[in-house]
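# A structural walkthrough
Each chain, letter by letter, is given below.
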Amino acid sequence: MGSIPLSSDGLTMVCAPIMGESVDQAIDQMHKAKTQGADVVEVRLDCIKHFQAHQDLEIILKNKPLPVIIVYRPKCEGGLYEGDEMARLEALRSALKLGADYVDFELKVASDVISKQNRLQCGGTKVIVSCFLDGATPSEEELSNLAARMQATGADIVKVVTSASNITELARLFHLLSYSQMPVVAYSVGERGLISQLLSPKFGGTLVYGSIEGKAIPGLPTLESLRKAYKVEYIDSGTKIFGLISKPVGHSKGPILHNPTFRHMNFNGLYVPMFVDDLKEFFQVYSTSDFAGFRHEFLLVLNCSVGFPYKEAVVQFCDEVHPLAQSIGAVNTIVRRPSDGKLIGYNTDCEASVTAIEDALQECRCINGKQSLVSPLAGREFVLVGAGGAGRALAFGAKIRGARIIIFDIDFERAKILANAVSGEARPLGDLPYFQPEKGSVLANATPIGMHPNKDRVPVSEASLGVFQLVFDAVYTPRKTTLLKGAEAAGAIIVSGVEMFLRQAIGQFNLFTGGEAPKEFMREIVLAKF
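Residues numbered from 1 in each chain as written. Predicted model: local features only at pLDDT ≥ 70, side-chain atom pairs only at ≥ 80, totals over all residues. Heavy atoms only, no water.

This paragraph deals with the state of the cysteines. By the definition in use, this model includes zero disulfides. Cys-76 takes part in no disulfide bond, and the closest cysteine sulfur, belonging to Cys-131, lies 11 Å away. Cys-76 sits in the exposed class, given a relative accessible area of 56%. (Disulfide = S-S within 2.5 Å. Buried < 20%, exposed > 50% of the residue type's maximum accessible area, 1.4 Å probe, protein only.)

It is the contact of helix H6 (residues 140–152) with helix H7 (residues 170–179), at a shortest axis distance of 9 Å, that shows an interaxial angle of 45 degrees. Relative to H7, H6 is oriented oblique. As H6 runs across H7, the sense of the crossing is right-handed. Here Glu-140, Leu-143, Ser-144 and Ala-147 of H6 come into contact with H7, specifically with Arg-172, Leu-173, His-175 and Leu-176. Across the contact of H6 with H7, the residue classes tally to four nonpolar, two polar and two charged. (Axes fitted to C-alpha atoms, helices over the stretch in contact; angles between N-to-C directions. Helix = DSSP H or I, 4+ residues; strand = E, 2+ residues; numbered from the N terminus. Parallel < 35°, antiparallel > 145°, perpendicular 65-115°, else oblique. Left-handed = near helix turned anticlockwise from the far one by under 90°. Contact = heavy atoms within 4.5 Å. Nonpolar A, V, L, I, M, F, W, Y, C, P; charged D, E, K, R; others polar.)

Looking now at the packing of aromatic side chains. What characterises a pair of aromatic rings is the spacing of the ring centres plus the angle enclosed by the ring planes. Going through the model one piece at a time under the given rule, you end up with 16 aromatic pairs. For the ring pair Phe-242 and Phe-512, a centre distance of 5.0 Å and an interplane angle of 45 degrees mean the geometry is tilted. Here Phe-242 is found in strand S9 (residues 240–246), whereas its partner Phe-512 is found in helix H18 (residues 497–513), with 270 residues between them in sequence. Accessibility assignment for this pair places Phe-242 and Phe-512 in one class, buried. Each ring, one from Tyr-476 and one from Phe-530, has its centre 6.3 Å from the other, and the planes form 40 degrees; the classification is tilted. (Phe/Tyr/Trp six-rings, centres within 6.5 Å; stacked < 30°, edge-to-face > 60°.)

Mapped onto this numbering, the UniProt entry annotates "domain: SDH C-terminal" (unreviewed entry) at residues 497–527. Taken end to end, residues 497–527 is 84% helix and 0% strand, and its first and last C-alpha atoms sit 13 Å apart. (UniProt positions renumbered as here; feature names shortened; annotations may be inferred.)

It is worth spelling out the environment of Gln-284 at this point. With respect to the helices and strands, Gln-284 occurs in helix H11 (residues 279–286). Take Gln-284: its relative accessible area is 46%, and that puts it in the partly exposed class. Placed 33 residues apart in sequence, Gln-284 and Phe-317 show a C-alpha to C-alpha distance of 9.6 Å.

A few words on the pairing of strand S5 (residues 126–133). Counted residue by residue, S5 has six buried out of eight residues, so it is predominantly covered. Inspection of the sheet shows strand S4 (residues 102–106) paired to S5 by five bridges, in the parallel sense. Across the sheet, Asp-104 pairs through a bridge with Ile-128, a residue of S5. As for the winding sense of the linkage, the β-α-β connection from S5 through H6 to strand S6 (residues 157–162) is right-handed. (Pairing = 2+ DSSP bridges. Right-handed = clockwise from strand over helix to strand, strands pointing away.)

For Ala-100, the position within the fold is in the loop between helix H3 (85–97) and S4. Look at Ala-100 and you get buried, because its relative accessible area is 0%. Each C-alpha atom of the pair Ala-100 and Asp-236 lies 29 Å from the other, and the pair is 136 residues apart in sequence. Filtering out sequence-adjacent residues up to four positions away, Ala-100 remains in contact with Leu-61, Val-68, Ile-70, Ala-95 and Thr-125.

It is worth spelling out the pairing of strand S3 (residues 68–71) at this point. Of the two faces of S3, the one lined by Val-68 and Ile-70 and the one lined by Ile-69 and Val-71 are each fully buried. The sheet contact formed by strand S2 (residues 40–44) and S3 spans four bridges and is parallel. Bridging from a neighbouring strand, Val-43 pairs with Ile-70 of S3. Since S2 and S3 lie parallel, the crossover through helix H2 (residues 53–62) that links them has a hand, and here it is right-handed. Sheet topology places S3 next to S4; two bridges connect them, and they run parallel. Across the sheet, Ile-70 pairs through a bridge with Val-103, a residue of S4. The parallel pair S3 and S4, bridged by H3, forms a crossover whose chirality is right-handed.

A separate point is the packing of H18 against helix H19 (residues 519–529). Two elements in contact, H18 and H19, have axes separated by 11 Å at closest approach and are oriented at 145 degrees. Seen from above, H18 lies across H19 with right-handed handedness. On H19, the residues that touch Val-498, Glu-499, Leu-502, Ala-505, Ile-506 and Phe-509 of H18 are Lys-519, Met-522, Arg-523 and Val-526. Taken together, the residues of the contact of H18 with H19 sort by class into seven nonpolar, no polar and three charged.

Below, the structure is given as structure tokens:
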């Protein structure tokens, strides 16, 4: 298979790291990577135990199903190799001579290794010069100067890898990609670096990395998600970026719902999870005119979802807040108004959660032959666990419907503030196991209790579950939580957070695009994927 510097159609190539501990494992992983959608594989020789340079390289290159990048990374550059440096460099020279498609050299050795003589000997092999930067990401100017030094070695492609401790540092990598005059790979490792992979195609990056199924790597999307959820082959400079601001973000199902819906509606958008540590820094970096003025018009925070734990705190960063969201004191959707560029905060959680509960109760009424135009929540005891952003949305929605609200929260003062706002009653969370609800009450969990990976926890005593007519859980991973399983076994109507998630996502889609969401299409995705 011939060497290619870039994909023939100019698209960013999908690359799978191959980290097998033996040559056989590496070959097996290469074939799996091809099956799962990789365009190229990066074979990490430093992961192979008892590596025999010339012999093992010949076997790997003879059996490669895709173009191969050969990497032999020393520990000081983020790799595993701790042996003799001369032996390592000799192995990389062997890869050149054997005709590997790409060979990766670290900047500190590149000038010496990539001599004119060696370049004449390596035929069609392309040379990648790489640099791993530990600690804080350098400034845009420093990165630009670094890339120039790397290019001066004779590199065909330059690769810069950082270990960002804050998502705001990634802006400097996007700047490097956006203004580079040669093929560049630039990303950050770790969960905070995930969007540096996902947005690489938008800024013209040469590679985007994806992990093989069963070989998860922190900060890397899977090959399957790159091909199916994110559809990287369709991402271009005009793609509008949407995302979830949250901490953590690993649980989010937003990308597998919003991205297929964008494509279904022929809307050039991409929805990504964004691990945010500091809201103030985030908005300062990503909503400035300088950043939005990129050649590729980066639209990161212009339209986004807001998740735990930021739904209340994010209100202060909105230029305007919709009256319902203002009264709730929580925002889960931010949209930049096209007419003046202002950030407008909305809350789609409120109606999503309360209508899901109402519809389930209404359905029960219809089955029993009772129909009414009055909300089934009117006059009913509504027991709410959690007074954060999701809890506030539920409380105000229940108040509007005339429910009698009792609020439990780990922060009793926060519970009292919310109770006063909705004419309800506040109780300390410690009282919840002993609380005796009225017959026919509604229980709503608006805390992360029961969320993956702590799936076995429940916020109330199991003995009380049979007293509630309906139990709602805002947690949607897993779909049927331990709380809902217990409530169902006790005979209560159950409403999953998946239903709330779907309804709030439909509201968000309408706000994001200014159009009408394809509700049935989105429901089909939820039923199939959640």
